[in-house]
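The primary structure of each chain is shown beneath.
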Amino acid sequence: MDHPVPPYLIAIAIGDFAFHPLGPRTGVWAEPGNLGAAAKELVDTEAMVGAAEELYGPYLWGRYDVLVLPASFPAGGMENATLTFLTPTFITGDRANVDLIAHELAHSWSGNLVTNATWNDLWLNEGFTNYVENRIMERMYGKERADLEADLDWRALEAMTARLLASDPAGTKLHAGTDGSLPYSKGAAFLRTIEATVGRDRFDPYLRGYFERNAFAPQTTAGFLADLRQHLIKGESAVEARLRLDEWAYGTGLPANAVHPVSPRLAQVEEQQQHFASGSGAAALRTDGWGTKEWKYFLDGLERRQDAARLADLDDKLGLSRSSNAYVRTAWLQLAIANRYEPARASIIEFLNAVGRPLFIGPIYRDLLAEGDWGRAIATDAFRTAGPGYHPTVSAGLAKLLGPKTEQSPQP
């Protein structure tokens, strides 16, 4: 390494990995059996680096390579400098989840280049990165897709904020908040609000300059606000008043000036939800062009109680139990579990044995346990064979969730 990095970005991977170049300065490492599929999924990586540079300045780390880890890797991605670690669940054959690549790449500016000085300032890493990710996605794939992802992020933020305000208001703060997820979406909403207030023609050069001025150094919330006031607001009291900077950074909840990005595509998905709820068959649904986000939103928004015939119709026509997309498969299995849909049993057990990411398997195990003896039997059967292949921390957490009598099959 010829640049300083914060210690949390130092990681070592040892295994049977092979390499495939993606461009002059990009490539992918993966287990040989997974390398071809990973390379096809990551074909846009070199162009994505270029898109990020057009927005926020030169990529200063030399190479940008990706390591696709085995299924037991518990995170979605980790932005280790020069070598992003990735979950294999992003591979679906249609590049539906490349927003994950955009997110980890964005950290090369927000997080790796300018780093939160303390974990109380986490939003300077993750909120900035969510915002930059969305801008990269817009540059690469168009405004419609970027607006869809931003709208979904906003809706999740609203729901999270309402929940936390009722139970833990301090969790809704950006600086020194007590919730680990909120800084991602609230931080992005803050930056999106600044952009909408002053305009991209003014905010983009500012943000590019911010990364240049503070490169390879830690940053605090107070430091960012000072930089913003010096280099963007420049004493304009009307702009300062409209931005509500301190309310965003240190207050609870969502300020009244928050910008809500609206995606017309979500209204189209909701229309198909209504058609299905009114009795239309799955074959009549208009789903052309849907990606991960639309499918997940559709399945999550269906009435939780469905009879077996309706579930069979969905599965037969849409192939949900066989889906290779972990986001879609999880949403489908949660719906099936809520109805104790026995034909999905084999798909549940197969999925829990093939995937090790808690984002997916955690909700499935919890939903199974919520369904009494029927669900507990499936959960314990699956864990008996799957548990030894999970990351040790994941396996230990699930064993605790399932109860002291849960046993795992010995590893071969």
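Rules used in this analysis
- Residues numbered from 1 in each chain as written.
- Predicted model: local features only at pLDDT ≥ 70, side-chain atom pairs only at ≥ 80, totals over all residues.
- Heavy atoms only, no water.
- Helix = DSSP H or I, 4+ residues; strand = E, 2+ residues; numbered from the N terminus.
- Buried < 20%, exposed > 50% of the residue type's maximum accessible area, 1.4 Å probe, protein only.
- Lys, Arg positive; Asp, Glu negative; His and termini not counted.
- Salt bridge = Lys/Arg side-chain N within 4 Å of Asp/Glu carboxyl O.
- Polar contact = N/O pair within 3.5 Å; in protein donor to acceptor, adjacent residues only side chain to side chain.
- Contact = heavy atoms within 4.5 Å.
- Phe/Tyr/Trp six-rings, centres within 6.5 Å; stacked < 30°, edge-to-face > 60°.
- Core = buried A, V, L, I, M, F, W, Y, C linked by side-chain atoms within 4.5 Å.
- Pairing = 2+ DSSP bridges.
- Axes fitted to C-alpha atoms, helices over the stretch in contact; angles between N-to-C directions.

## A word on the side chain of Asp 315
Part 1 of the argument: Relative to the assigned elements, Asp 315 resides in helix α13 (residues 308–318).
Part 2 of the argument: Buried within the structure, Asp 315 lacks any salt-bridge partner; Arg 322 is the closest side chain of opposite charge, at an N-O distance of 5.2 Å.
Part 3 of the argument: At 2.7 Å, the side chain of Asp 315 forms a polar contact with the side chain of Ser 321.
Part 4 of the argument: In this view, Asp 315 contacts Leu 320, Ser 321 and Trp 332; residues no more than four positions away in its chain are not counted.

## Brief notes about the packing of aromatic side chains
Part 1 of the argument: In this structure the tally under the stated criterion is 25 aromatic pairs.
Part 2 of the argument: Each ring, one from Tyr 56 and one from Phe 211, has its centre 5.8 Å from the other, and the planes form 85 degrees; the classification is edge-to-face. Remark: Phe 211 occurs in helix α7 (residues 200–213) and Tyr 56 occurs in helix α2 (residues 45–56); sequence separation between them is 155 residues.
Part 3 of the argument: Judged by relative accessible area, Phe 211 falls into the buried class, the value being 1%.
Part 4 of the argument: For the pair Phe 190 and Trp 248, a centre-to-centre distance of 5.2 Å together with 10 degrees between the ring planes defines the contact as stacked.

## Topic: the pattern of salt bridges
Part 1 of the argument: Applying the stated criterion to the full structure yields 29 salt bridges.
Part 2 of the argument: Put simply, Glu 247 and Arg 244 hold a salt bridge, and the shortest N to O gap is 3.7 Å.
Part 3 of the argument: Residue class for Arg 244 comes out partly exposed when judged on its relative accessible area of 34%.
Part 4 of the argument: Each of Arg 135, Glu 138, Glu 195, Arg 200 and Asp 204 takes part in salt bridges that share partners, so that together they form one network.

## As for unusual backbone geometry
Part 1 of the argument: Look at Arg 244: it is not a glycine, yet its phi comes out positive at around 55 degrees.
Part 2 of the argument: Mapping Arg 244 onto the fold places it in the loop between α9 (237–243) and α10 (245–250).
Part 3 of the argument: Unusually for a residue other than glycine, Arg 340 sits at a positive phi of about 50 degrees.
Part 4 of the argument: Note on placement: Arg 340 falls in the loop between α14 (326–338) and α15 (345–354).
Part 5 of the argument: Under the relative-accessibility criterion, Arg 340 is labelled partly exposed at 44%.

## Concerning the nonpolar core
The nonpolar side chains of a soluble globular protein tend to be buried, and buried together.
Part 1 of the argument: Ranked by size, the top nonpolar core spans 65 residues in total, and within it Phe 211 and Phe 224 carry the most contacts.
Part 2 of the argument: Phe 211 has contacts with Tyr 56, Trp 109, Ser 110, Leu 113, Val 114, Phe 128 and Val 132, leaving out every residue within four places of it along the chain.
Part 3 of the argument: One finds Leu 335, Ile 337, Val 394 and Leu 398 within the second-largest nonpolar core, a separate group that totals 47 residues.

## Focus on the environment of Asp 94
Part 1 of the argument: With respect to the secondary-structure elements, Asp 94 resides in the loop between β5 (83–86) and α3 (99–106).
Part 2 of the argument: Considering only alpha carbons, one finds Asp 94 and Arg 208, 114 residues apart in sequence, at a separation of 32 Å.
Part 3 of the argument: Among the polar contacts made by the side chain of Asp 94, one reaches the main-chain amide nitrogen of Ala 96 at a distance of 3.1 Å.

## Examining the side chain of Thr 129
Part 1 of the argument: Mapped onto the elements, Thr 129 comes out in helix α4 (residues 123–141).
Part 2 of the argument: Its relative accessible area of 0% is what places Thr 129 among the buried residues.
Part 3 of the argument: Of note is the side chain of Thr 129, whose polar atom sits 2.7 Å from the side chain of Ser 110.
Part 4 of the argument: Looking at Thr 129, its side chain comes within polar contact range of the main-chain oxygen of Asn 125, at 2.6 Å.
Part 5 of the argument: In this view, Thr 129 contacts His 103, Ala 106, His 107 and Ser 110; residues no more than four positions away in its chain are not counted.

## Topic: the sheet that holds β5
Part 1 of the argument: Read across the sheet, 5 strands follow the order β1-β2-β3-β5-β4 without closing on themselves; strand pairing throughout is mixed. The strands lining the two open edges of the sheet, one partner per strand, are β1 (18–21) and β4 (77–78).
Part 2 of the argument: Looking at chain direction, strand β3 (residues 64–68) and β5 are connected through 4 bridges and run parallel. Paired with Asp 65 across the two strands is Leu 83, which belongs to β5.
Part 3 of the argument: Packing against the sheet, α3 makes contact with β3, β4 and β5, and its axis sits at approximately 140 degrees to β5.

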